[in-house]
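Chain and residue survey
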Amino acid sequence: MDDLQDDLHTRLVTGLRTGLPDEALIIDPDVTASYANDMASFCDAGTPAVVVLPRTVEQVQHVMRTASELRVPVVPQGARTGLSGAANASDGCIVLSLTKMDRILEISPVDRIAVVEPGVINATLSRAVGEHGLCYPPDPSSWEMCTIGGNIGTASGGLCCVKYGVTAEYVLGLDVVLADGRLLTTGRRTAKGVAGYDLTRLFVGSEGSLGIVVKAVLALRPKPPEQLVLAAEFASAAAACDAVCAIMERGHTPSLLELMDRTTIRAVNEMAQMGLPDTTEALLLAAFDTPEPTADLAAVGELCTAAGATQVVPAEDATESEMLLQARRLSLTALEKVKTATMIDDVCVPRSQLAAMLDGTAAIAEKYDLTIGVCAHAGDGNTHPVVCFDHSDADESRRARESFDEIMALGLELGGTITGEHGVGVLKKEWLARELGPVGVELQRGIKQTFDPLGILNPGKLF
């Protein structure tokens, strides 16, 4: 560090120590470097000046007051399971890791709410509310590791979204520490409420660029019955997508509707010997958690057969259902073994365009001579093309990045969005501008300026 940087670092550490316990402040550069990035590929990360692990709201407020006084950027982090670089450090920043604020403050079966701190693990909350006969539906694939604060920051989804919706639909209220250290309370604990602008929804998906979430009031639902699953094999991805459209058009409400393409199926077979036929071009998994799921599965099975399914296998109980779902759960792990690195895209299209999205992605894979597997939350039209490449091969890495961009362009051409649940972060900020257009970008930057006039909250993300 030069003299000016060294002086700023000294003032920063001194200022932070006045309001933090010793164990909450990390300044060892070997340790702080380990907080530099999340799980996204092709996303630059800087070198943090310090890492702070607060346990109280007052400690977060102290961090933000210090950061504002010294004009130091602050990058909030959860478990860093994100896939867009939204939690990547900036050079000289304070990394504000909220993982130690991990208390479930309240569970109310009468009001059907939970009040939690941002570091609570998704699965921990789900199990805790389950003891009260309730459920918290949003279930990202990383639910055993990811935090509620991170889920709120990126507006996470999951396998159950086709029936139960995404994180945004379950956040009723928030406590947020603003850039200058003030504490803002938004939203409500009540079942209904329309007082003023919906600031709560504004923070959901803002990726820590408007404030630091320190408490959340979350809506809960009654715990549904155990779901039963059906697996249907198809000789073409188009036929599987036709089945998806038919299921939704007929008014069915599955608790899960997932699709795997040929590349993904073969990767799973290679890794886990699942025994799926080599002729299977697409696998569709449908589940129902209704009081009479067998009848629902039978009706969906008929629609799959009519769409061209070569085999339809309904589960008889929860154990068989879990076995059928295992292939889907292994998808990303299996694709990660194909090459040394992966880029996981997150393009959401109208359900009616799902077949065009899969066919277009296959054409892109052929054009760039790459392996690209697709697993999808088919009921939402939310596809996850996974680009597999050798990170030590410069040409293959270039082709991987170019194919990734073409996949996003395809999604927009089909009337979709560049991200359904992973967020924008660093990875997609150029594409956000294309999706929003100049007027949209201008207004969103104006909102950012109102909440963060000094530009210290997670700079370089989104815009």
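Provided above is the structure to which this section pertains.
Residues numbered from 1 in each chain as written. Predicted model: local features only at pLDDT ≥ 70, side-chain atom pairs only at ≥ 80, totals over all residues. Heavy atoms only, no water.

Thoughts on the layout of surface pockets
Take a probe with the size of a water molecule and roll it over the atoms, and the empty space left behind shows itself. Cut-off, in case you're wondering: As defined here, a cavity is a set of points on a 1 Å grid over the protein atoms alone where a 1.4 Å probe fits but cannot get out. A pocket is an open set with protein on both sides within 12 Å along at least five of seven lines, and residues line them when an atom is within 4 Å of a point. Grid points are joined across faces, edges and corners, and a volume is the space filled by probe spheres set on the points. Runs of E in the DSSP output that reach at least two residues are strands. Runs of H or I that reach at least four are helices, and both are numbered from the N terminus. Polar here means any residue outside two lists: the nonpolar Ala, Val, Leu, Ile, Met, Phe, Trp, Tyr, Cys and Pro, and the charged Asp, Glu, Lys and Arg; Gly therefore counts as polar.
In this structure, the second largest pocket encloses a volume near 560 Å³. In this structure, the second largest pocket is lined by 28 residues; those nearest its centre are V204, G205, S206, Q444 and L462. Put simply, the parts of the chain that give the lining of the second largest pocket at least two residues each are α7 (199-203) and α15 (429-451). Top contributing element to the lining of the second largest pocket by residue count: α15, with 6 residues. Taken together, the residues that form the lining of the second largest pocket break down as 13 nonpolar, 10 polar and 5 charged.

Comments concerning the environment of C146
Where we set the bar: Relative accessibility under 20% of the residue-type maximum defines a buried residue, over 50% an exposed one, and the middle range a partly exposed one, all with a 1.4 Å probe and only protein chains included. We call two residues in contact when some of their heavy atoms are within 4.5 Å.
Position of C146 among the secondary structure elements: in the loop between β7 (134-135) and α5 (148-154). Here C146 falls in the buried class, since its relative accessible area comes to 3%. Taking the C-alpha atoms as reference points, C146 and I121, separated by 25 residues in sequence, lie 5.7 Å from one another. Each residue touching C146, except ones within four places of it in the same chain, is listed here: A79, T81, V120, I121, N122, P140 and N151.

A short note on the sheet that holds strand β9 (residues 183-187)
Stated formally: Should DSSP find at least two bridges between two strands, the strands are regarded as paired. Note on definitions: angles span 0 to 180 degrees between N-to-C directions of axes, and those axes are lines fitted to C-alpha atoms, for helices only across the stretch in contact.
Strand order in the open sheet formed by 5 strands is β5-β6-β10-β8-β9, with antiparallel pairing between adjacent strands. Two strands bound the open sheet, and with one partner strand each, they are β5 (104-108) and β9. Between one strand and the next, the sheet's axes are offset by a mean angle of 10°, whatever the strand orientation. Bridging between strand β8 (residues 171-177) and strand β10 (residues 212-219) involves 6 bridges; their strand directions are antiparallel. Among the inter-strand pairings, L174 is bridged to a residue of β10, identified as A216. Across the sheet, helix α4 (residues 122-130) lies against β5, β6 (113-116) and β10, angled at about 35° from β5, the strand it touches most.

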